[in-house]
Amino acid sequence: YEDFSKANEVREALKLFDDLYTKLLREVKAKKCEGQSKRSIHIEAAMSLKNQKKWVNYGWTFGHVPGVEIGDQFRFRAELVMVGLHRQFISGIDYVNINRKDVAISIVDSGRYANEAISSQTFIYVGQGGNPKISATRVEDQKLEGGNLALKNSMDSGYPVRVIRSRQRVKDEKSDIRYIYDGLYTVTKYWQERGPTGKFVFKFELKRNFGQPKLTRELVSQPANLAKVNHFHPYVNKDTKSVTEQKFVVDYDISQGKEKIPIPAVNAIDDERPPPFTYITKMQYPDWYYISMPQGCSCTSGCSDSEQCSCASKNGGEIPFNSRGAIIRAKPLVYECGPCCKCPPSCKNRVSQCGPRHHLEVFKTESRGWGLRSRDYVSSGSFICEYVGELLDEKEAEKRIDHDEHLFDIGNYDEEIPERNNNKFEVESNCSQRKDEDGFTLDAARYGNVGRFINHSCSPNLYAQNVMYDHGDRRVPHIMFFASKSIAPLEELTYHYNYQIDHVYDANGDLKRKNCRCGSRKCSGRMY
Ligand code: SAM
């Protein structure tokens, strides 16, 4: 896939941006510089990376941008600038001068103007200037100049315009905006009409260019449906005839509709498809296993940090998640509210039981088989997915030891797990060593979920958190993966398998070795 190395460059640039933005934000918070808004910090971060020559596709004008795919999501306008999608930090229309005429190259539908979707292929973009939301006291007619003239010239010349749409990820969370690359459009019409303030505005009709991966209706629907954006994935329409897509997407949804958000599998390496297995979203308990019910809390109107909530109390008197659902720190065991609790499903102590919230994607790696990544930015502490499989006792696990690819030993959580530090989770290897002693094991080989695709890394970005919520047997906690740091879109999601080197044996008692190919600078060279 020819864009692959460029995609790495884009990913790398976004990671650098994220690290710098986080650092600046921390500095600002420490200094309590209230005057400095987040906006100036992300522009500051982008400009600093520009000086370090870290921007990608600098000077790129028309058409798709190398390394960026339709459906890619971004957190900040500054990121669009850095990867060459839209070079303006604030203005919604970007243009270049060709033969002494300004011609539009990209637009951002930021939600500030009353842009409207007519269908999944057509939308109306309101021109710039005179916007009452920007200059409340001076509402005036828009003029056919600057970006508006550039869009008209695009229509005359037929040049394609990149469209980037902004969407609130979660309804009512205005700060949680994502910018989504929607592909190339052509301006087909423009006209002037009176806007809601009585002043004239320009309107431009844009039609989506033929042959691009199709988007679902949810993406182009009006603000009332914004919450549905979580279900958006550019690949969901199986009827598309795009050659690129057929080459790349090998399965539109490995969960076969069982997860709320489809999980495609993509392969840019060879023609292989993911191996067959039965997708399950809940643990598969054997017949002999007795599921004991836990004691629930009785907080009818939601739980909070106090000893009065019995679940908070089991967590040391605190709800282990913040208001955005991020886990506060790694712990040996976390108790979420569950089916025996009186609190509502919206209780903030129910996070990992609700399933994945990111647009996950299974992809073929160069040397580690299939792996998992997120098309969305993942903030530190976010829940990713559970490791679901068949529950095995020790005897059954022994029998499967020669097919250990998807075995996960559980219940070994007595050892100390370091605390969160510096906004990161210091969850290093050996902190919860796998003990090949008695206990239970999960096997996701035949029955499993997306968690079975997560590879090992010596510098992981996820950690496995033991969580209880729907039964009372602490020997058999749920294994829930949370982000131990912030993760750029398309970066591989990994955790440390925590095998002890030279302590893994096959069914004949012979020592087993497996080389690690995580490629990190800290790589020890061996998985076990
Ligand atoms: N890559 C797997 C696949 O294609 O299904 C998904 C992960 S599976 C739970 C674990 C297996 O993936 C391991 O037994 C090993 O074969 C491979 N694997 C995971 N991490 C690896 C790494 N860092 N280096 C080499 N192989 C790895």
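Just above, that's the structure.
Remember, predicted model here, so these are calculated numbers, not experimental data. (Residues numbered from 1 in each chain as written. Predicted model: local features only at pLDDT ≥ 70, side-chain atom pairs only at ≥ 80, totals over all residues. Heavy atoms only, no water.)

A.B. asks: Looking at this structure, how should I read the overall build of the protein?
C.D. replies: A count of helices and strands for the protein gives 8 helices and 25 strands. By the burial criterion, 54% of the 528 residues in the protein qualify as buried. By sequence separation, contacts in the protein at least 24 residues apart represent 66% of the contacts at least 6 residues apart. (Helix = DSSP H or I, 4+ residues; strand = E, 2+ residues; numbered from the N terminus. Buried < 20%, exposed > 50% of the residue type's maximum accessible area, 1.4 Å probe, protein only. Contact = heavy atoms within 4.5 Å.)

A.B. asks: Explain the site of the ligand to me, please; I cannot follow it from the model alone.
C.D. replies: Contacts to the ligand come from 17 residues, most closely from Arg368, Trp370, Glu405, Asn455 and Arg517. One of the backbone N or O atoms of Trp370 is found 2.7 Å from an oxygen atom in the ligand. His456 is positioned such that a nitrogen or oxygen atom in its backbone is 2.9 Å from a nitrogen atom of the ligand. Protein chains shield 92% of the accessible area of the ligand, which is 560 Å² for the free molecule. Of the residues contributing to the shell around the ligand, the split by class is 7 nonpolar, 5 polar and 5 charged. (Near = heavy atom within 4 Å. Polar contact = N/O pair within 3.5 Å; in protein donor to acceptor, adjacent residues only side chain to side chain. Areas by Shrake-Rupley, 256 points an atom, 1.4 Å probe, with all protein chains shown as cover. Nonpolar A, V, L, I, M, F, W, Y, C, P; charged D, E, K, R; others polar.)

A.B. asks: Explain the sheet that holds strand S22 (residues 455-456) to me, please; I cannot follow it from the model alone.
C.D. replies: Strand-to-strand pairing in sheets goes through backbone hydrogen bonds, with the strands running parallel or antiparallel. The sheet built from 6 strands is open, its strands ordered S9-S10-S13-S14-S25-S22 with mixed pairing. Among the strands making up the open sheet, the edge pair consists of strand S9 (249-251) and S22. (Pairing = 2+ DSSP bridges.)

A.B. asks: Is there a simple way to explain the nonpolar core in this structure?
C.D. replies: Nonpolar side chains in soluble globular proteins tend to be buried together. Counting residues in hydrophobic clusters, the biggest one holds 41 residues, and the most contacted among them are Val362, Val450, Leu462 and Phe481. Contributions of two or more residues to this core are made by strand S13 (360-364), strand S14 (370-374), strand S15 (383-386), strand S17 (407-410), strand S20 (440-443), strand S24 (478-483) and strand S25 (492-495). With 3 residues, the single largest contributor to this core is S24. Once residues lying within four places of it in the same chain are set aside, the contact partners of Val362 are Ile254, Ile263, Pro264, Ala265, Val266, Trp370, Gly371, Leu372, Val450 and Phe453. (Core = buried A, V, L, I, M, F, W, Y, C linked by side-chain atoms within 4.5 Å.)

A.B. asks: I'm lost on the pattern of salt bridges in this one. Help?
C.D. replies: When charged atoms on two side chains of opposite charge get close, those side chains can pair. The full count for this structure, using the stated rule, is 26 salt bridges. Across the pair Arg400 and Glu390 runs a salt bridge whose closest N-O atoms are separated by 3.1 Å. Highlighted residues: Arg400 in the loop between helix H8 (394-399) and S17 and Glu390 in strand S16 (residues 390-392), separated in sequence by 10 residues. Across the pair Arg400 and Asp443 runs a salt bridge whose closest N-O atoms are separated by 2.9 Å. A residue pair is termed long-range when its members are at least 10 positions apart, and Arg400 in the loop between H8 and S17 and Asp443 in strand S20 qualify at 43 residues. Classification of Asp443 as buried rests on a relative accessible area of 2%. When salt bridges that share partners are traced, they join Glu390, Glu396, Lys399, Arg400 and Asp443 into one network. (Salt bridge = Lys/Arg side-chain N within 4 Å of Asp/Glu carboxyl O.)

A.B. asks: Sorry, what's going on with the state of the cysteines here?
C.D. replies: Disulfide: a covalent bond formed between the sulfur atoms of two cysteine residues. This structure, assessed with the given rule, holds 0 disulfides. Looking at Cys299, it has no disulfide partner, and the nearest cysteine sulfur is the one in Cys309, 3.7 Å off. With no disulfide of its own, Cys309 lies 3.7 Å from the sulfur of Cys303, the closest cysteine sulfur. (Disulfide = S-S within 2.5 Å.)

A.B. asks: Is there a simple way to think about the packing of aromatic side chains in this case?
C.D. replies: Note on aromatic pairs: each is described by the distance of the centres and the angle between the planes. What the rule picks out here adds up to 25 aromatic pairs. Put simply, the rings of Tyr387, Phe408, Phe481, Tyr495, Tyr497, Tyr499 and Tyr528 pair up and form one aromatic cluster. Cation over ring: Arg165 sits above Phe123, and NZ or CZ is 4.3 Å from the ring centre. Stacked on the ring of Phe277, the Lys or Arg Arg452 has its end atom at 4.0 Å from the ring centre. (Phe/Tyr/Trp six-rings, centres within 6.5 Å; stacked < 30°, edge-to-face > 60°. Lys NZ or Arg CZ within 6 Å of the ring centre and 35° of its normal.)

A.B. asks: How should the sheet that holds S24 be read in this particular structure?
C.D. replies: As summarised here, the arrangement of the 4 strands in space is S12-S23-S24-S15, forming an open sheet in which the pairing is mixed. Each edge of the open sheet is held by one strand with a lone partner, namely strand S12 (334-335) and S15. In terms of strand pairing, strand S23 (residues 462-468) meets S24 through 6 bridges, oriented antiparallel. By the bridge assignment, Asn466 is partnered in S24 with Ile479.

Take it as geometry only, folks, not as evidence of what the structure does.
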